[in-house]
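Tertiary structure, described
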2 protein chains.
Amino acid sequence: MEEPTPRTGRAPTSVDVARLAGVSQATVSYVLNDAPGMRITEATRAKVREAAASLGYVPHASARTLRSGRSDIVLMPLPRAGMGALAAAHLDALGEELRRLGYKVVLYGDDRGKGIGAARDWAQWRPSAILVEAGRLTRAAVRQLHDTGIPTVVALGDAPSPLVPTFVFDNEAIGARAAEHLAERGRSSIAVLMPREKGLEVYSRPRLAGVSRVAAAHGIDVQPVDLGFDEEEAGGLVARWAADPHRPDAVFAYNDDYAMLIMRALEDAGLRVPGDVAVVGADDLPLAALLRPRLTSVRVMAGPTAADVAERIDAMVRDRSRDPSIVFELVRAEIVVRESS
Amino acid sequence: MEEPTPRTGRAPTSVDVARLAGVSQATVSYVLNDAPGMRITEATRAKVREAAASLGYVPHASARTLRSGRSDIVLMPLPRAGMGALAAAHLDALGEELRRLGYKVVLYGDDRGKGIGAARDWAQWRPSAILVEAGRLTRAAVRQLHDTGIPTVVALGDAPSPLVPTFVFDNEAIGARAAEHLAERGRSSIAVLMPREKGLEVYSRPRLAGVSRVAAAHGIDVQPVDLGFDEEEAGGLVARWAADPHRPDAVFAYNDDYAMLIMRALEDAGLRVPGDVAVVGADDLPLAALLRPRLTSVRVMAGPTAADVAERIDAMVRDRSRDPSIVFELVRAEIVVRESS
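Just so it is clear, the structure is predicted and the values come from calculations on it, not from any experiment. (Residues numbered from 1 in each chain as written. Chains lettered and ligands numbered in written order. Predicted model: local features only at pLDDT ≥ 70, side-chain atom pairs only at ≥ 80, totals over all residues. Heavy atoms only, no water.)

1. Focus: the overall build of chain A
When you go through chain A residue by residue, the secondary structure sums to 13 helices and 12 strands. Out of the 341 residues belonging to chain A, those deemed buried represent 55%. Contacts spanning at least 24 positions in sequence make up 72% of the contacts within chain A whose residues lie at least 6 apart. Total accessible area on chain A is roughly 14300 Å²; 52% of this is exposed by carbon and sulfur atoms. (Helix = DSSP H or I, 4+ residues; strand = E, 2+ residues; numbered from the N terminus. Buried < 20%, exposed > 50% of the residue type's maximum accessible area, 1.4 Å probe, protein only. Contact = heavy atoms within 4.5 Å. Areas by Shrake-Rupley, 256 points an atom, 1.4 Å probe, with all protein chains shown as cover.)

Here you go:
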């Protein structure tokens, strides 16, 4: 299909549009910026839109923001790396639904800043809503954002924020599901692998907490084990287990990659899975079903749909929701039982 | 450390700041918006900044954009999902470096729109630079963006764009490296797995093209094979191979997950890897070294550093670079030889 091709040369202005449409520049700006409460006939609106289209004139988002006082931006100052394919897919789906509701979804490249400094940076955009990790919000930061007139600030976290409404992504439940399953299987001692890579503590600590909570209720032993993603190191760990009559009879491996690493080491050391040691992973990656024995893994399922979440955000913007008692569970963790446990 | 806590209540304005600092509102706006060419003493600037800080006043990004005519935004209307951990990590590093150069990095949630409609949407932000997949740019879209005064538009793609400067992410080279290695190994017939999942064609087609180009130069047979990520289907494929004297003696598996799938099926069918069939994956995931035989895989390495790329973008903004002959290779593909080939 042939596209309309705007004139080349200098950037067209609203003055050009006004001249072509035979209306005032103010009218052009009212029409193209959807200024509220303006009485302008549909005929005039149509003339202005046609003129703008034929000239390739684009109204200025900043101008519209200043005029309307709001930006319709949903600002998400989140990192992409380490987010995981699942979370990224959820985020894209959410963006799609928010656009359907008329918002501009902005993943702002600031993915580290926290506290009031970051809050001032975010506030510059005058977003309708901000979604950010709970750990980057402080009382002063939240006050700053509310004082600047941001309708709603939503925290993302493992647990409800004491400051603002929270979307909970429950890593603790991932460890809990694994431990509940191993308790059912009658295991008495769980080694919990804690990856040494930087940045994973935010996931591994709550997962360990989930294992510990459930294990305590069942009188099961829990031992956290620091481990790098390294075959030799895993081999050394398993060699010590092979020589130890009091070795753990179960491993929660943090994720499926570490589960594959430890299963390989157990096989090489002649320890049987699940006979001697049961192994449970997390993420339910493609590799899980391809391992022998097939890997039991905790799968994280989206609870509410992206449309649900988008509508929730839209409602919070319109109600200017600020009540920390508003908590919304984003995911639920399920155990996928296979052969390794 | 205690943070300064701004007053609660209504949002503070530049008028409040002017009153507290004992200067005019214009002066406040000049100072806080870094208006160029304004003669204002450091003492006055300090007074204004202190007043703004104590009130928790945040200047309006939109106002600054309108006043300065530029936004310092680098707009990346890219999807997160399907980006891959490596690309996401590169992107975060690039964002970090661009912020260091004073840009605001915006991953705009529009990750599908193409052509002039999308161009008008992007142009609203008046970004200093736009990075977007080559396939979403049309001649009319590029003209629209340039006419709106966007200093530079950069395409991301497998091959140079005919319209604007391009950052090339060379998927073709991934297939080429695999085929060169299999040619050295004296293989005569390569099956190229083509995942059936939607959205992967943009990666699988150029990888197949790379295999075909190199194979042709060595008189090697190439057969593309559609395959879903399914053990039964992979088993059926390999069963046909087991019965076929003219079966391929090598597989390029698209990525390491598919390599693991096909290796499992080959093992179950009693075909030896690499004896009967050599297998090469791509991505060099953690699982590659854990498979038995250990998986040969094409690893994608970052060519230039994030700092290099950021400086290149900054230079293109300042030069208003629009010459399609500017091409910048983002990555290089290397074969990691292990036991499966």
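Further notes follow.
2. Notes on the side chain of R207 of chain B
Residues and elements named next belong to chain B. Take R207: it is sitting in helix α9 (residues 201–217). At 4.4 Å, D283 is the nearest oppositely charged side chain to R207, a buried residue that forms no salt bridge. If sequence neighbours within four positions are ignored, R207 has contacts with N171, E172, I174, G175, F252, Y254, A282 and D283. (Lys, Arg positive; Asp, Glu negative; His and termini not counted. Salt bridge = Lys/Arg side-chain N within 4 Å of Asp/Glu carboxyl O.)

3. Brief notes about the sheet that holds strand β11 (residues 327–329) of chain A
With mixed pairing, the 12 strands of this open sheet are ordered in space as β11(A)-β5(A)-β4(A)-β3(A)-β1(A)-β2(A)-β2(B)-β1(B)-β3(B)-β4(B)-β5(B)-β11(B). One side of each edge strand has no neighbouring strand; the edge strands of this open sheet are β11 of chain A together with β11 (327–329) of chain B. The average undirected angle you get between the axes of adjacent strands in this sheet is 25 degrees. Of the pairings in the sheet, the one linking strand β1 (residues 73–75) of chain B to strand β2 (residues 104–108) of chain B comprises 3 bridges and is parallel in character. The residue bridging L75 of chain B from the neighbouring strand is V106 of chain B, located in β2 of chain B. Where helix α13 (residues 306–319) of chain A meets the sheet, its contacts fall on β3 (129–133), β4 (152–157), β5 (166–168) and β11 of chain A, and the angle it forms with β5 of chain A comes to roughly 165 degrees. (Pairing = 2+ DSSP bridges. Axes fitted to C-alpha atoms, helices over the stretch in contact; angles between N-to-C directions.)

4. Here's the deal with the domain arrangement of chain A
Residue and element names in this part refer to chain A. Once the domains are mapped, chain A shows domain 1 (14–59), domain 2 (68–170 + 303–331) and domain 3 (171–301). The C-alpha-based centres of domain 2 and domain 3 are spaced at 33 Å. Each side of the interface is counted separately: domain 2 has 9 residues, and domain 3 has 9 residues. Buried surface at the junction of domain 2 and domain 3, summed over both partners, amounts to about 620 Å²; 46% is from carbon and sulfur atoms. Seen at the junction of domain 2 and domain 3, the total is 0 salt bridges. At the boundary of domain 2 and domain 3, one finds 4 residue pairs in polar contact (both at pLDDT 80 or more). (Domains from an automatic or database assignment. Buried area = accessible area lost by both parts, 1.4 Å probe. Polar contact = N/O pair within 3.5 Å; in protein donor to acceptor, adjacent residues only side chain to side chain.)

5. A few points about the pairing of β2 of chain B
Within β2 of chain B, 5 of the 5 residues are buried, leaving the element largely enclosed by the surrounding structure. Taken together, the 3 bridges between strand β2 (residues 104–108) of chain A and β2 of chain B define a ladder with antiparallel strand orientation. Residue L107 of chain A lies in a different strand from β2 of chain B, and its bridge partner there is L107 of chain B.

6. Some thoughts on the pattern of salt bridges
Residue and element names in this part refer to chain B. Per the stated rule, a full pass over the model turns up 36 salt bridges over all chains. Ionic pairing is found between R177 and E180, a salt bridge with its closest N-O pair at 2.9 Å. Of this pair, R177 and E180 both sit in helix α8 (residues 171–184), 3 residues apart, which is roughly one turn of the helix. The class of E180 is partly exposed, set by a relative accessible area of 30%.

7. Some remarks on the packing of aromatic side chains
Residues and elements named next belong to chain A. A complete count under the given rule lists 7 aromatic pairs over all chains for this structure. Where Y254 meets Y258, the ring centres are 6.4 Å apart and the plane angle is 85 degrees; that geometry is what we call edge-to-face. Classification of Y254 by relative accessible area gives buried; the value is 6%. Looking at Y258, the relative accessible area reads 2%, which means it is buried. (Phe/Tyr/Trp six-rings, centres within 6.5 Å; stacked < 30°, edge-to-face > 60°.)

8. Comments concerning unusual backbone geometry
A cis amide bond links R292 of chain A with the next residue in sequence, P293 of chain A, at an omega value of -5 degrees. One non-glycine residue, D283 of chain A, lies in positive phi territory at about 105 degrees. Here D283 of chain A shows up in the loop between β9 (278–282) and α12 (286–290). Taking the relative accessible area as the measure of exposure, D283 of chain A reaches 35% and is therefore partly exposed. Although it is not a glycine, R320 of chain B sits at a positive phi angle of roughly 50 degrees. Looking at the element boundaries, R320 of chain B is found in the loop between α13 (306–319) and β11.

9. What about the nonpolar core?
Core analysis: the largest hydrophobic core is formed by 88 residues, its most contacted members being M76 of chain A together with M76 of chain B. Among all residues touching M76 of chain A, those that are not within four sequence positions of it are L91, L94, L98, V105, V106, L107, Y108 and L131 of chain A. Judged by nonpolar contacts, the second largest core, of 57 residues, contains V225 of chain A together with A234, L261 and M263 of chain B. (Core = buried A, V, L, I, M, F, W, Y, C linked by side-chain atoms within 4.5 Å.)

10. Brief notes about the sheet that holds strand β12 (residues 331–336) of chain A
Residues and elements named next belong to chain A. Spatial ordering of the open sheet is given by β7-β6-β8-β9-β10-β12, a layout of 6 strands whose pairing is mixed. The open sheet has two free edges, formed respectively by β7 (221–227) and β12, since each of these has just one partner strand. Here the average twist between neighbouring strands, direction ignored, is 25 degrees. Note that strand β6 (residues 189–195) and strand β8 (residues 250–252) share 3 bridges and pair parallel. From the neighbouring strand, A191 faces β8, where its bridge partner is V251.

11. Considering the environment of T27 of chain B
Mapped onto the elements, T27 of chain B comes out in helix α2 (residues 25–32). Discounting residues that sit within four places of it in the chain, T27 of chain B has contacts with I40 and T44 of chain B.

12. What to know about the packing of helix α6 (residues 115–123) of chain B against helix α7 (residues 139–147) of chain B
All names here are of chain B. The geometry of α6 relative to α7 is characterised by a closest axis approach of 7 Å and an angle of 20 degrees between their N-to-C directions. Relative to α7, the element α6 is oriented roughly parallel. Like other packed secondary-structure pairs, α6 and α7 cross with a definite hand, here right-handed. Contact with α6, carried on its side by G115, I116, A119, R120, W122 and A123, involves A140, A141, Q144 and L145 of α7 and no other residues of that element. A breakdown of the residues in the contact of α6 with α7 according to their chemical character gives 7 nonpolar, 2 polar and 1 charged. (Parallel < 35°, antiparallel > 145°, perpendicular 65-115°, else oblique. Left-handed = near helix turned anticlockwise from the far one by under 90°. Nonpolar A, V, L, I, M, F, W, Y, C, P; charged D, E, K, R; others polar.)

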